[in-house]
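Take a look at the letters that make up each chain.
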Amino acid sequence: MAIHVLDEAHRCLNCKVPQCQKGCPIHTPIPQVIQLMLNGKLDEAGKTLFENNPLTTVCSLVCNHEGQCEGHCVLGRKGAPVHFSAIENYISTTYSSKMVHGPAASNGIRVAIIGSGPAGLTIAVILARKGYQVTIFEGKDKIGGVLRYGIPEFRLPKSILDDFEYRHLRLKDIKVRPNTSIGGAIGIDDLLRDGYKAIFVGTGVWQPNTLHIKGETLGHVHFGINYLNNPDSFHLGERVIVIGAGNAAMDVARTAMRKGARYVQCFSRSDTVQASKHESDYAILEGVEFIYCKAPKEIVDEGVIFIDREKQEDGTYVEIPGTEKLYPADSVIISVSQGPRNRIVNSTQGLSVSERGLLLADENGHTTRPEIFASGDVVNGARTVVEAVAHSKKVAEAMDAYIQSLPEIKEQKEKMISIQ
Ligand SMILES: Cc1cc2nc3c(=O)[nH]c(=O)nc-3n(C[C@H](O)[C@H](O)[C@H](O)COP(=O)(O)OP(=O)(O)OC[C@H]3O[C@@H](n4cnc5c(N)ncnc54)[C@H](O)[C@@H]3O)c2cc1C
Ligand code: SF4
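The structure presented is a predicted model; accordingly, all values stated were derived computationally and were not measured.

The secondary structure content of the chain amounts to 18 helices and 16 strands. With respect to the three principal axes, the spread of C-alpha positions in the chain is 85 × 55 × 40 Å. Considering the chain as a whole, with its 420 residues, one finds that 51% of them fall into the buried category. For the chain, long-range pairs separated by at least 24 residues make up 67% of all intrachain contacts whose partners lie at least 6 apart in sequence. Only carbon and sulfur atoms are counted for the fraction: they give 50% of the accessible area of the chain, which is about 19800 Å². With 46 positive and 48 negative side-chain charges, the chain shows a separation of 5 Å between the mean positions of the two kinds.

Next up, the structure:
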C-alpha cells in the first residue's frame, strides 16, 4: 500500500497552477500535501489535510474523484492521473491515529448543532477549535448521518466514524446528545432559553421521494434510504428490482447482492445511469443488471409493470403505449432521492423554506432567523459529502462572526480586557 502511494506521489509534477486543486470542491492543496509527504513531513501533510477538511479520511474514500481532483489532473490527459485519493487516505489515516489534541481554551460560549452528518460535524470541529462549547443533538443513536446510516460498510468502514468521534469530539470535549430529535420534546426555542448563542441546522434529507403510483404501499416494497439504514432488518428474497439508477441506488443494489439476493435489476428512466461511472462499474462487476428507458406504471404482488420510453431528437423521452410489461420480483426498492423532513420548521417560528421544503439560507448559512444557521443537504438538496463540508466551513466562520458581534459578547470581552 505505502509503496504504491509513494509511487503515485513521485508521479506528481508539482504543477504551478494545479488543475487537481481547482477540480476539488474544497480546494485541497494537493501538490503541497504531496511534497510535504515526499519531504518526510508526514505529520505536517496530515495536519494540512485535516485543517482544510475535517472529513478528509471520509472524502478520500467516498468522493467522486474521477469527476473532481483526479479527473482534472494534467497527467490524466494522456494517461493515468495521480491517484490522490489513495495518497490522501494513507496520509490522513496515518496522521489521524496520532491525533490526541485536547480541547482549545474555552471562551464559555455555547453553540448547538442539530444533526451530526458531514455538515454538523464540520461546524462542530471548527467552532470547537475556536473555543466554543459545542453540543451536538442527533436523532439517531450514533453520529455520522448518511455516512453511517446510508453509505454501506464495504465503501466506508464505520470504524472511521468511531475514530472521528473519539479524536474530534470526545477529546475536544464536544458533547453529543444521541437519540434526541429537535422539534419533539426539545425545540429550538428551548435551546435559546438555555443560553445557546447560535444554532446550526444540518438535518439533511431523509424523506424518501415517492413515485406516486399504485402499489407503493405493498408489503414487499421499500424505500432505499430506509433499507440502507439497517439492511439486516429486511428479507428481500432472491429477485430484487431497484427503481432508480443514482449513486444511492447503486448502494442499495450492491448491498442487496451482498445480503443474499440472486438477481438484482436496476431500472433507469433514461438511456444512462445517473450514478458515477465508478459506482455503476462496480455494480455491474458484482452482477447487477441495468435496464434502461423504462418507467414504472404499477407495483403488483408479482413485481413491477414498466412501460418503454423512447428518446426523442431533442433529448426528451416519450412513453410508448402498449409496451407495458411485468418484470417479476420478490421485493422492490424505490431509490429516487430524498427530500427534507419538516419537524424543525413546523416547530419553529420564522424559518422559511423553498417550494421543495429545503431551508432557505444564503451561502454563509444565514436563515431567515439571525441566530439560526444551516447548510448541507437540508439547504442544497441531496448533494455530496465534500459539498456539505465546503459550504459548512464558510457557515462556521459566519456563526463565529455573528456571535462575536452580539452586544453581550462584546461587553464581556471589553470587561475582560479592562480586568487585564
Ligand atoms: C445512500 C447514499 C449514498 C451516498 N453516497 C455518497 C458518496 O459516495 N459520496 C458523496 O460525496 N456523497 C454521497 N451521498 C450524499 C452525502 O452522504 C450527503 O450529501 C451528505 O451526507 C449530506 O450531509 P448533511 O450533514 O447535510 O446531512 P446528513 O448526512 O443527512 O446528516 C443529517 C443528520 O441530521 C440528523 N437529524 C435529522 N433531523 C434531526 C432532528 N430533528 N434532530 C436531530 N438530528 C436530526 C440525521 O439523523 C443525520 O444524522 C450519499 C447519499 C446517500 C443517501
Ligand atoms: S494536476 Fe496532477 S500532476 Fe499536477 S499537481 Fe495536481 S496531482 Fe500533481
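Bringing the environment of Thr203 into the picture now. Within the element layout of this structure, Thr203 appears in the loop between strand E4 (196–201) and strand E5 (207–208). Note: C-alpha distance between Thr203 and Gly376 (173 residues apart in sequence) is 8.0 Å. Thr203 has contacts with Ile114, Ile344 and Val378, leaving out every residue within four places of it along the chain.

On to the nonpolar core, then. In this structure, Val58, Val134 and Ile403 are the most contacted members of the largest nonpolar core, which totals 46 residues. Those elements giving two or more residues to this core turn out to be helix H5 (56–62), strand E1 (110–114), helix H8 (118–129), strand E2 (133–137), helix H10 (159–170), E4 and helix H17 (385–404). If one sorts the elements of this core by residue count, H17 sits on top with 11 residues. In this structure Val134 touches Val111, Ile113, Ala124, Leu127, Ala128, Asp173, Ile174 and Lys175, once residues within four positions along its chain are discounted. Core analysis: the second largest hydrophobic core is formed by 20 residues, Val240, Ala245, Val252 and Val264 among them.

Turning our eyes to something else, we now look at the sheet that holds strand E7 (residues 239–243). If you walk across this open sheet you meet the five strands as E6-E14-E7-E8-E9, and the pairing is parallel. A single partner strand is all that each edge strand has here, and the edge strands are strand E6 (221–223) and strand E9 (289–291). The mean inter-strand angle of the sheet, taken between neighbouring strand axes irrespective of direction, is 25°. Of the strand pairs in this sheet, strand E8 (residues 263–267) and E9 are connected by three bridges, and their pairing is parallel. Bridging from a neighbouring strand, Cys266 pairs with Phe290 of E9. Running over the sheet, helix H13 (residues 247–258) touches E7, E8, E9 and strand E14 (331–334) and is turned about 170° from E8.

The subject of this paragraph is the pattern of salt bridges. Between side chains of opposite charge, pairing is possible as soon as their charged atoms come close. In the structure shown here, the tally under the stated rule is 26 salt bridges. Across the pair Asp251 and Arg155 runs a salt bridge whose closest N-O atoms are separated by 2.7 Å. Residue Asp251 is found in helix H13, and its partner Arg155 is found in the loop between helix H9 (146–149) and H10; the two are separated by 96 residues along the sequence. The shortest N-O distance in the salt bridge between Arg383 and Glu387 comes to 3.2 Å. Judged by its relative accessible area of 47%, Arg383 falls in the partly exposed class.

Attention shifts here to the site of ligand 2. Every residue close to ligand 2 is listed here: Cys12, Leu13, Cys15, Cys20, Pro31, Cys73, Val74 and Val82. Its residues assigned to classes, the shell around ligand 2 comprises eight nonpolar, no polar and no charged.

So, about helix H7 (residues 84–96). Under the 1.5 Å per step criterion, the end-to-end length of H7 is 17 Å for 13 residues, consistent within 8% with the ideal 18 Å. Most of H7 sits out of view: 10 of its 13 residues are buried. Buried within H7 are the following residues: Phe84, Ser85, Ala86, Ile87, Glu88, Asn89, Ile91, Ser92, Tyr95 and Ser96.

Interface size, as often reported, equals the accessible area lost upon joining of the parts. Split into domains, the chain comes out as domain 1 (2–96), domain 2 (110–206 + 340–419) and domain 3 (210–336). Computed from C-alpha coordinates alone, the two centres of domain 1 and domain 3 are separated by 35 Å.

For the rest of this paragraph, the subject is the packing of H13 against helix H14 (residues 277–285). Relative to each other, H13 and H14 sit at 20°, their axes nearing to 10 Å. As far as their axial angle goes, H14 and H13 are roughly parallel. Relative to H14, H13 is oriented so that their crossing is left-handed. Taken together, the residues of H14 that come into contact with H13 (itself represented by Asn247, Met250, Asp251 and Arg254) are Glu279, Ser280, Tyr282 and Ala283.

This paragraph deals with the packing of aromatic side chains. Counting across every chain of the model gives eight aromatic pairs. Residues Phe290 and Tyr292 carry aromatic rings whose centres are separated by 6.5 Å and whose planes lie at 20° to one another, so their mutual orientation is stacked. The exposure class assigned to Tyr292 is partly exposed, which follows from its relative accessible area of 35%. An aromatic cluster of at least three residues, connected via ring pairs, comprises Phe267, Phe306 and Tyr327.

This part takes up H14. Every buried residue of H14 is accounted for by Glu279, Ser280 and Ala283. Projection of H14 onto a plane perpendicular to its axis shows the buried side chains occupying an angular sector of 95°, all on one side. Relative to its buried face, H14 has exposed residues pointing more than 90 degrees away, namely Lys277 and Leu285. As for H14, its buried residues are in contact with H13 and E9. Count one or two residues on from H14 and you reach Gly287, which has phi positive near 105°.

Most of E7 sits inside the fold, with four of its five residues counted as buried. Judged from the five bridges that link them, E7 and E8 form a sheet pairing that is parallel. Each bridged residue has a counterpart across the sheet, and for Val240 the counterpart in E8 is Val264. The β-α-β motif built from E7, the intervening H13 and the parallel element E8 has right-handed crossover chirality. As judged from the four bridges shared by E7 and E14, these two strands associate in the parallel manner. Its bridge partner being in E14, Ile241 is matched across the sheet by Val332.

Rules used in this analysis
- Residues numbered from 1 in each chain as written.
- Chains lettered and ligands numbered in written order.
- Predicted model: local features only at pLDDT ≥ 70, side-chain atom pairs only at ≥ 80, totals over all residues.
- Heavy atoms only, no water.
- Helix = DSSP H or I, 4+ residues; strand = E, 2+ residues; numbered from the N terminus.
- Buried < 20%, exposed > 50% of the residue type's maximum accessible area, 1.4 Å probe, protein only.
- Contact = heavy atoms within 4.5 Å.
- Areas by Shrake-Rupley, 256 points an atom, 1.4 Å probe, with all protein chains shown as cover.
- Lys, Arg positive; Asp, Glu negative; His and termini not counted.
- Charge placed at Lys NZ, Arg CZ, Asp CG, Glu CD.
- Core = buried A, V, L, I, M, F, W, Y, C linked by side-chain atoms within 4.5 Å.
- Pairing = 2+ DSSP bridges.
- Axes fitted to C-alpha atoms, helices over the stretch in contact; angles between N-to-C directions.
- Salt bridge = Lys/Arg side-chain N within 4 Å of Asp/Glu carboxyl O.
- Near = heavy atom within 4 Å.
- Nonpolar A, V, L, I, M, F, W, Y, C, P; charged D, E, K, R; others polar.
- Expected span 1.5 Å × (residues − 1).
- Domains from an automatic or database assignment.
- Parallel < 35°, antiparallel > 145°, perpendicular 65-115°, else oblique.
- Left-handed = near helix turned anticlockwise from the far one by under 90°.
- Phe/Tyr/Trp six-rings, centres within 6.5 Å; stacked < 30°, edge-to-face > 60°.
- Arc of directions from axis to C-beta.
- Right-handed = clockwise from strand over helix to strand, strands pointing away.

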